[in-house]
Number of protein chains: 2
Amino acid sequence: MSERSWAVLTDGYTTVRNAKTAHGVLRYARDPVVAVLDREHGGKTMDVVMPELGSTAPIVASLGDARALGATALLLGVATPGGWVPDHWREWMLEAVDAGMEVANGLHRFLTEDDDLVARAARSGARLWDVRRVPEDIPLFTGKSLEVPQKIVATVGTDCAVGKMTASLELVDAGQQTGTRCEFIATGQTGILIAGGGIAVDRVISDFLSGAAEMLVCGADPSAEVLVVEGQGGLWHPAYAGVTLGLLHGSAPHVLVLCHQAYRTAIEEPPFTRLPPLVDMVRVYEEAAATVRPARVACVSVNCRGLSDDDARRALGAIEDELGIPAGDVFRGGSGKLWDAVAAGLAHT
Amino acid sequence: MSERSWAVLTDGYTTVRNAKTAHGVLRYARDPVVAVLDREHGGKTMDVVMPELGSTAPIVASLGDARALGATALLLGVATPGGWVPDHWREWMLEAVDAGMEVANGLHRFLTEDDDLVARAARSGARLWDVRRVPEDIPLFTGKSLEVPQKIVATVGTDCAVGKMTASLELVDAGQQTGTRCEFIATGQTGILIAGGGIAVDRVISDFLSGAAEMLVCGADPSAEVLVVEGQGGLWHPAYAGVTLGLLHGSAPHVLVLCHQAYRTAIEEPPFTRLPPLVDMVRVYEEAAATVRPARVACVSVNCRGLSDDDARRALGAIEDELGIPAGDVFRGGSGKLWDAVAAGLAHT
């Protein structure tokens, strides 16, 4: 059933935050990762260098070794400053393209604007997949998303990088385990690589932003019962709040899941806006959603990264006391509880 | 001082809403309109066919007649369905380009993507100005707009097409009349044509939306004391609310002016969302602005189109009673009162 077998290029960045896309794909992608390409760690396996990912993929130092392991696609899994690509990465990309391998790229700079790559891909039949490239036929929002037969769940964040994609994927898994047919709706580059499709909504022309979200929910698998829409940004991050709101309106959710990092009190990028109290953030999201369809925040997915189990438990308890709704950390066994809250919320719609 | 003398093409649409851009330019543009191009009304003057615009521009039936009146630039002043351009308009455009006239276009479809026009413009030296084309170097929002020396006023709407651009322009005029150096910051195609520059923020890639607004306020005339930022959309119009919020955050206003049409209770396009009470809309805008900088709604610019003077007075009175802030209609002498409220609001910042 797999479309491809990934070789994930993280060379020199395997264990750092720049490789967030690689880490997401290693943890969640439907298509198997048969090799990680990093000259520094070649010969090891991923469980040795990053046990928390739950991947045992072998690390190799050359594209030839990755191909010998069955790789059919090369993923640029690292966000480099300004989309810069080192020369030896480009050599690997050219080698992959000449061998007919698919090359997937989540960077802002597109492979399909590199004439040499495009010409060589045309010769070999290789596919160049610019994950952030958006469809050209996105319509304006019209409200059709209100009429899709599926129930729609949206993850919304108190900030960027709090775990909206992870929460969405874990909720889908938890829902599937209860026998509910759930589909993950990807709206960012890592999610799209994991799902095999989606729209990078932050690349859409502003006028068509909520239209893009509507297009995604209207185009979902008709056999799915619940769509879980990956949120973007946060309403208190002024660089991205417009994206957050357009995505929320366009996807017309029935239920919201608030995603938060325990003890984060301000956004982590300039201008370092202070976050309002959680109870106000819940109210503002519910009020914003209600413009299209009434939707309650059913639960809080809390990222307790770096906390001891005791501290995490205390953080979750404090949030539950403050808001009166369930809170859980999907990395500490909380997915089932969060899904139950979502399912209960959906039952009332 | 004028850069150009306009011939405004409204052929067949002169008096209808499709010609909104032409009407805005006729009423407010700094550069003079020396002719309106419409075969139906050729020989009349604009004060005969649309007295409310306050323009006496002659209407002509050919581009030659417009040129004889001194026109140096041709404006496509009509929004046609899908950006479609009738054959005889294209003939006029080609004739203008061959004569070295500038051609300005506010449609989504760009002149600069028409190879024939581009080639002929290159030969004659004519400028093709696609007003909606946005700069390619828009940065991400960083918060620099918080540091500009000018005071910033933003118009925000309860819906689209309630008069945000008009209110902004009238406030600039009213401010100038009190001796305050005001600059109009254009964010939509008509405003850009009137001001001679700006960014059509709804055409910006979502990720850079608030960065575009920041770029506009950071790039304003340093000698201006007050910047009046033209708002877009409305937070209760789900097709455009993301644009509204990104623009609001990026421009970091000190004071807001709420723009509303008297008695409008729902947005006028699908999905015809009901508007919340005015008091809630004021609160939501103030709360949204506060993410970047605290800003109060100083007054309400009310569009009383179609109401008798008595009914308009009653509508304004009811809004003042409801909100406890001044309300005025700029078309019925209200600009000075609104400006006074803005100036008082700015004095507290």
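Being a predicted model, the structure only gives us computed values, none of them experimental.

Caption draft 1: Looking closely at the overall build of chain A. From N to C terminus, chain A includes twelve helices and twelve strands. Since a compact globule built from 349 residues should have a radius of gyration of about 20 Å, the 20 Å found for chain A is in line with a globular shape. Projecting the C-alpha coordinates of chain A onto the three principal axes gives extents of approximately 55 × 50 × 45 Å. Across chain A, contacts joining residues at least 24 apart in sequence account for 73% of those joining residues at least 6 apart.

Caption draft 2: Looking closely at the relation of the copies chain B and chain A. With an RMSD of 0.0 Å, the operation that places chain B on chain A is a rotation of 180 degrees combined with a shift of 0.0 Å along the axis. The two molecules are tied by a two-fold rotation axis, judged by turn and shift. The residues that chain B uses at the interface reappear at the interface of chain A in 100% of cases, marking a shared surface.

Caption draft 3: Fine view of the environment of I192(A). All names here are of chain A. Checked against the element boundaries, I192 lands in helix α7 (residues 189-195). Accessibility expressed as a C-beta count within 10 Å gives 21 for I192, which makes it buried. Among all residues touching I192, those that are not within four sequence positions of it are V131, A186, G197, G198 and A200.

Caption draft 4: Molecular detail of the interface of chain B and chain A. Taken together, the contact pairs 31 residues of chain B with 31 residues of chain A. Put simply, the parts of the chain that give the side of chain B that touches chain A at least two residues each are α8 (209-218), α9 (241-251) and α10 (278-290) of chain B. Counting residues per element, the side of chain B that touches chain A draws most heavily on α9(B), which supplies seven residues. For the side of chain B that touches chain A, the per-class residue count stands at 17 nonpolar, ten polar and four charged.

Caption draft 5: Spotlight on the sheet that holds strand β4 (residues 73-76) of chain B. All names here are of chain B. Strands sit in the order β3-β2-β1-β4-β5-β6 across an open sheet of six strands; the sheet is parallel. The open sheet has two free edges, formed respectively by β3 (59-60) and β6 (128-130), since each of these has just one partner strand. Two elements, strand β2 (residues 33-37) and β3, share two bridges in a ladder whose sense is parallel. Paired with L37 across the bridge in β3 is V60. Strands in contact with helix α1 (residues 20-28) are β1 (6-9), β2 and β4; relative to β1, the strand with the most contacts, it is inclined by about 150 degrees.

Caption draft 6: A look at the sheet that holds strand β7 (residues 151-157) of chain A. All names here are of chain A. Spatially, six strands are ordered β8-β9-β7-β10-β11-β12 in an open sheet, and the strand pairing comes out parallel. This sheet does not close on itself; its edge strands, each paired only once, are β8 (182-185) and β12 (327-328). With five bridges connecting them, β7 and strand β10 (residues 255-261) associate as parallel partners. The residue bridging G157 from the neighbouring strand is C259, located in β10. Contacts from helix α10 (residues 278-290) reach β7, β10 and β11 (296-303) within the one sheet, and its direction differs from that of β10 by about 145 degrees.

Caption draft 7: Spatial organisation of the pairing of β1(B). All names here are of chain B. Burial along β1 is two-sided: W6 and V8 facing one way and A7 and L9 facing the other are all buried. Relative to β2, β1 runs parallel, the two sharing four bridges. Paired with V8 across the strands is V36, a residue of β2. Alignment of β1 against β4, held across four bridges, turns out to be parallel. Looking across to β4, one finds that A7 is bridged to L74.

Caption draft 8: Focus on the domain arrangement of chain A. All names here are of chain A. Along its sequence, chain A is carved into domain 1 (6-130) and domain 2 (144-347). One C-alpha centre belongs to domain 1, the other to domain 2; they are set 28 Å apart. Listed per partner, the contact involves ten residues of domain 1 and seven residues of domain 2. With five residues, helix α1 (residues 20-28) is the single largest residue contributor to the side of domain 1 that touches domain 2. Taken together, the residues of the side of domain 1 that touches domain 2 break down into five nonpolar, three polar and two charged.

Caption draft 9: Molecular detail of the pairing of strand β4 (residues 73-76) of chain A. Residues and elements named next belong to chain A. Every second residue of β4 is oriented toward a common face, with A73 and L75 on one face and L74 and L76 on the other, all of them buried. Bridge analysis of β4 against strand β5 (residues 102-105) gives four bridges, and the strand direction is parallel. Bridging from a neighbouring strand, L75 pairs with A104 of β5. Running through helix α4 (residues 87-98), the crossover from β4 to the neighbouring parallel element β5 is right-handed.

Caption draft 10: Main features of the packing of α8(B) against α9(B). Residues and elements named next belong to chain B. At a minimum axis distance of 7 Å, the contact between α8 and α9 shows a crossing angle of 40 degrees. Here α9 runs oblique to α8, going by the angle between their axes. Note on packing geometry: the crossing formed by α8 with α9 is right-handed. Mapping the contact onto sequence places L209, S210, G211, A212, A213, E214, L216 and V217 in α8 and V243, G246, L247, H249, G250 and S251 in α9. Taken together, the residues that form the contact of α8 with α9 break down as seven nonpolar, six polar and one charged.

Caption draft 11: Here's a closer look at unusual backbone geometry. Residues and elements named next belong to chain A. The omega torsion of the bond from P270 to P271 falls at 0 degrees, within 30 degrees of zero and hence cis. Tracing the backbone shows P271 in the loop between β10 and α10. In this model, Y263 sits at a positive phi of 70 degrees, which is unusual for a non-glycine residue. Looking at the element boundaries, Y263 is found in the loop between β10 and α10.

Analysis parameters
- Residues numbered from 1 in each chain as written.
- Chains lettered and ligands numbered in written order.
- Predicted model: local features only at pLDDT ≥ 70, side-chain atom pairs only at ≥ 80, totals over all residues.
- Helix = DSSP H or I, 4+ residues; strand = E, 2+ residues; numbered from the N terminus.
- Rg over C-alpha atoms; globule rule 2.2 N^0.38 Å.
- Contact = placed C-beta atoms within 7 Å.
- Least-squares fit on C-alpha atoms with pLDDT ≥ 70 in both.
- Buried ≥ 20, exposed ≤ 12 C-beta atoms within 10 Å, placed from the backbone.
- Nonpolar A, V, L, I, M, F, W, Y, C, P; charged D, E, K, R; others polar.
- Pairing = 2+ DSSP bridges.
- Axes fitted to C-alpha atoms, helices over the stretch in contact; angles between N-to-C directions.
- Domains from an automatic or database assignment.
- Right-handed = clockwise from strand over helix to strand, strands pointing away.
- Parallel < 35°, antiparallel > 145°, perpendicular 65-115°, else oblique.
- Left-handed = near helix turned anticlockwise from the far one by under 90°.

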